[in-house]
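An overview of the molecular structure
Here is what each chain is made of, one letter per residue.
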Amino acid sequence: MLVTSAEIVHPAAAADRGAGAFNVIQVELAEALSRGASAVGAPVILQISENAVKYHGALAPIGLATINIAENSDQPVAVHLDHAESVPLIHEAVALGFTSVMYDGSKLDFADNVATTREVVQFCHDHGVSVEAEIGEVGGKDGVHAPGVKTDPQDAAKFAEDTGVDALAVAVGSSHAMTTRTAELDFDRVAAIREAVSVPLVLHGSSGVADENLTRAIEAGMTKVNISTHLNHAFTDTVREVLAAHPEMVDTRKYLGPARDAVQAEVSRLLGVLNAIP
Ligand code: G3H
Ligand code: ZN
């Protein structure tokens, strides 16, 4: 069933559990994520990034397909617009029926980020939609996700209070699109931010974090864990293997199907690692 992300992350945070949030690019990924969550009886957040929207050239086709998959799941599933820098795109997502958005003002200075995030929160809450946001790093090209950037607990607390967000992305040592799982997280900082901030915390760039450190991050106080590259890896590895073994293959279902199965199995496994199964 389709729910907001607040309906997933708030109970998870209250129970010191994690919540898995995985990115959808092709419809096969939405199917794999929903099936993987369903197989273990866990809620899940399906997210479509602004970059994925640029890839497709439109939000509606992949967005509406993902919403339909969520509606038909036997588990709570939120459909979330990820890393949106465009406020008009957020308005479009809400009109389409997305139940959650991330406004990414991390490239703005603190005051501008707070001001725009507040407007987004007001609009989305008026429409029953959850909002995630993040604090930026002044001048940092990759915002809060640049390697080495870390969130200050008091800044995080002020940002959450000033904006009214439902969840807050913080920088604690991970960075986006890593293809090795070697990131070193600052667990003491996770605990300090959790202590200072009243809303659930979000870890981005989690593909670079090893299983045991994902579990530790949840224990230290992280809740929503965003994983994309790692699942693309599982998907693409399978396509590569199947096509290498069958160079004559032309039916796309014959290699996308096994790739979808591989992602489904990995999602089920990761939800256990994240302690996301109630
Ligand atoms: O918002 C999405 C994520 O932060 C995913 O990052 O591709 O490094 O796992 P990742
Ligand atoms: Zn991210």
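Now for a look at the structure at hand. Remember, predicted model here, so these are calculated numbers, not experimental data.

1. Some remarks on helix H1 (residues 6–14)
Those residues of H1 that fall on the buried side of the exposure criterion are Ala6, Ile8, Val9, Ala12 and Ala13. Down the axis of H1, the buried set is contained in an arc of 160°. They therefore lie on one face. The first or second residue beyond H1 is Asp16, which carries a positive phi of 55°.

2. Quick word on the packing of aromatic side chains
For the structure on display, the rule yields one aromatic pair. Between the aromatic rings of Phe110 and Phe159, the centroid separation amounts to 5.9 Å while the plane-to-plane angle is 75°, which identifies the pairing as edge-to-face. Taken together, the residues Phe110 in helix H6 (residues 110–126) and Phe159 in helix H7 (residues 153–163) connect sequence positions 49 residues apart. The ring of Phe187 carries Arg216 above its face, with NZ or CZ at 3.9 Å from the centroid.

3. Some words on the packing of helix H5 (residues 87–96) against H6
At a closest axis distance of 11 Å, the pairing of H5 and H6 adopts a crossing angle of 15°. Taken together, the axis directions place H5 and H6 in an arrangement best described as roughly parallel. Relative to H6, H5 is oriented so that their crossing is right-handed. Of the residues in H6, those in contact with Val87, Ile90, His91 and Val94 of H5 are Thr116, Val120, Phe123 and Cys124. Residue composition of the contact of H5 with H6, grouped by class: six nonpolar, two polar and no charged.

4. Re the sheet that holds strand E8 (residues 224–227)
Across a sheet, paired strands are connected by hydrogen bonds in the backbone, their directions being either parallel or antiparallel. A barrel is described by the order of its strands in space; here eight strands give the closed sequence E1-E2-E3-E4-E5-E6-E7-E8, paired in parallel fashion. Averaged over neighbouring strand pairs, the angle between their axes works out to 25° when direction is ignored. Bridging between strand E1 (residues 19–23) and E8 involves four bridges; their strand directions are parallel. When the sheet's bridge partners are listed, Gly20 is paired in E8 with Val225.

5. Concerning the coordination of the zinc ion (ligand 2)
Around the zinc ion (ligand 2), the protein contributes the donor atoms His83 (NE2), His176 (NE2) and His204 (ND1), at 2.0 to 2.1 Å from the metal centre. Within one chain, the residues serving as donors to the zinc ion (ligand 2) are arranged as H-x92-H-x27-H. With His83 in strand E3 (residues 77–84) and His176 in the loop between strand E6 (167–170) and helix H8 (187–196), this pair connects stretches of sequence that are 93 residues apart. Residue His83 is classed as buried on the basis of its relative accessible area, which comes to 17%. The class of His176 is partly exposed, set by a relative accessible area of 38%.

Definitions and cut-offs
Residues numbered from 1 in each chain as written. Chains lettered and ligands numbered in written order. Predicted model: local features only at pLDDT ≥ 70, side-chain atom pairs only at ≥ 80, totals over all residues. Heavy atoms only, no water. Buried < 20%, exposed > 50% of the residue type's maximum accessible area, 1.4 Å probe, protein only. Helix = DSSP H or I, 4+ residues; strand = E, 2+ residues; numbered from the N terminus. Arc of directions from axis to C-beta. Phe/Tyr/Trp six-rings, centres within 6.5 Å; stacked < 30°, edge-to-face > 60°. Lys NZ or Arg CZ within 6 Å of the ring centre and 35° of its normal. Axes fitted to C-alpha atoms, helices over the stretch in contact; angles between N-to-C directions. Parallel < 35°, antiparallel > 145°, perpendicular 65-115°, else oblique. Left-handed = near helix turned anticlockwise from the far one by under 90°. Contact = heavy atoms within 4.5 Å. Nonpolar A, V, L, I, M, F, W, Y, C, P; charged D, E, K, R; others polar. Pairing = 2+ DSSP bridges. Donors = N, O, S within 2.8 Å, 3.2 Å for Na, K, Ca; no water.

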